[in-house]
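Understanding the architecture of this molecule
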Amino acid sequence: LGTAVLDPTSGEVLHDLDHVTENPVELLPGGAGGKGNRHFKRGDLRAPRIRTLGEPGGTKGIVLELKSIADIGLVGYPNAGKSTLLQAITRSKTEIGNYPFTTVQPHIGHVSMNDEVNAFSVADLPGLIEEAHGGKGLGFEFLRHVERTKGLVYVI
């Protein structure tokens, strides 16, 4: 869940896997199946060496983009304490340092209450700074991963 299927050239979303469904998702038509030697087996021909080839299916390049990695996302400025908070509430072993951009990729921790029914996941995201939209710092690269989080916690 939480994965978008994109066309690599246009960036168009071909399908969004945002909920559980019993219907399969068809991105391309499959080919016609061939018949193996078992199909040609009969009483007088126990080990046939006959087969028919199938027809090829469709081909297309696709890009799979993960959109949802956690229930809660921790966002804030660099060195705000996001990694420290994640370590305090989960068993995550994130790197903690006294310098900006210690976290260069999201870290995920799992918070378990008394039972797994009330458990949830928390993502520590790289710090955001002014002008991140222009590529400063780590930019907005990781924000697409929190588009579908159930909540964001801004750590000050």
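Definitions and limits used
Residues numbered from 1 in each chain as written. Predicted model: local features only at pLDDT ≥ 70, side-chain atom pairs only at ≥ 80, totals over all residues. Heavy atoms only, no water. Pairing = 2+ DSSP bridges. Helix = DSSP H or I, 4+ residues; strand = E, 2+ residues; numbered from the N terminus. Axes fitted to C-alpha atoms, helices over the stretch in contact; angles between N-to-C directions. Buried < 20%, exposed > 50% of the residue type's maximum accessible area, 1.4 Å probe, protein only. Arc of directions from axis to C-beta. Contact = heavy atoms within 4.5 Å. Lys, Arg positive; Asp, Glu negative; His and termini not counted. Salt bridge = Lys/Arg side-chain N within 4 Å of Asp/Glu carboxyl O. pLDDT = per-residue confidence, 0-100.

This part covers the sheet that holds strand S5 (residues 107-111). Strand order in the open sheet made by the 4 strands is S5-S6-S4-S7, with mixed pairing throughout. Two strands in the sheet have a free side with no partner beyond their single neighbour: S5 and strand S7 (151-155). Across the sheet, the mean angle from the axis of one strand to that of its neighbour is 25°, orientation sign disregarded. Pairing geometry for S5 and strand S6 (residues 120-124), over 5 bridges, is antiparallel. Bridged to valine 111 within S6 is phenylalanine 120.

For helix H1 (residues 82-89), the full list of buried residues reads Lys82, Ser83 and Leu86. Across the axial projection of H1, the buried residues extend over an arc of 95°, all falling on one side. Where H1 is buried, its residues touch strand S4 (72-76), S5, S6 and S7.

Turning our attention to the side chain of aspartate 124. Among the secondary structure elements, aspartate 124 is positioned in strand S6. The charged side chain of aspartate 124 is buried without a salt bridge, its nearest counter-charge being lysine 82 at 5.2 Å.

Mean pLDDT over the protein: 79, with 80% of residues reaching 70 or higher. When pLDDT is averaged over each helix and strand of the protein, the minimum, 83, is found for S5 and the maximum, 89, for S7.

Moving on, we come to the pattern of salt bridges. Under the defined criterion, the tally for this structure stands at 3 salt bridges. Residue aspartate 44 is joined to arginine 42 by a salt bridge in which the shortest nitrogen-to-oxygen separation is 2.8 Å. With a relative accessible area of 63%, aspartate 44 lands in the exposed category.

This paragraph deals with the sheet that holds strand S1 (residues 3-6). Across the sheet, 3 strands lie side by side as S2-S1-S3; this open sheet has antiparallel pairing. The strands lining the two open edges of the sheet, one partner per strand, are strand S2 (13-17) and strand S3 (63-66). Within the sheet, the average angular offset between the axes of one strand and its neighbour, ignoring direction, is 20°. Bridge analysis of S1 against S3 gives 4 bridges, and the strand direction is antiparallel. Of the residues in S3, the one forming a bridge with alanine 4 is glutamate 65.

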